[in-house]
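Breakdown of the fold
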Amino acid sequence: SDFMIQKSYSESEYGKLYLIPTPIGNLDDITYRAINTLRDVDVVFAEDTRVTINLLKHFDISKKVESCHKYTEMKNKDKIINILTTGFFTTIYRMV
């Protein structure tokens, strides 16, 4: 969604990392901006992939979902950095 892009970042050769917190429970409590961001990214790193996949299905979003929680964050950091340096967009989806 072009209306969401901050102009100071639009010229960057690097990808972007979005952090998306969402409430536990009601899937409809997520914001429109979070939904649009999930539609725009190339890959989603999620604390709980099962919950994230259900949320993506609920909003008819098809994305690659990778697990990323406190036990795998250090292992995945190089993968996330590589995604960002090649110009792709990614997000880390956390439940709050």
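The present account deals with the structure reproduced in this document. What you see is a predicted model; the values in this text were computed from it and never measured. (Residues numbered from 1 in each chain as written. Predicted model: local features only at pLDDT ≥ 70, side-chain atom pairs only at ≥ 80, totals over all residues. Heavy atoms only, no water.)

Considerations on the pairing of strand β3 (residues 64-67)
Selection rule: Should DSSP find at least two bridges between two strands, the strands are taken to pair. Secondary structure elements follow DSSP: runs of H or I of four or more residues count as helices, runs of E of two or more count as strands, with numbering from the N terminus.
As paired elements, strand β2 (residues 43-46) and β3 share four bridges and run parallel to each other. Considered in β3, the bridge of A46 is made with S67.

Considerations on the pattern of salt bridges
Condition: Only one rule defines a salt bridge in this text: a Lys or Arg side-chain nitrogen within 4 Å of an Asp or Glu carboxyl oxygen. Accessible area is worked out with a 1.4 Å probe on protein chains only. A residue is then buried under 20% of its type maximum, exposed over 50%, and partly exposed in between.
On inspection of all chains with the given rule, the structure shows three salt bridges. Close ionic contact of R50 with D48 constitutes a salt bridge, the shortest N to O distance being 3.5 Å. What makes R50 exposed here is its relative accessible area of 63%. The partner of K79 in a salt bridge is E66, and the shortest N-O contact between them spans 2.9 Å.

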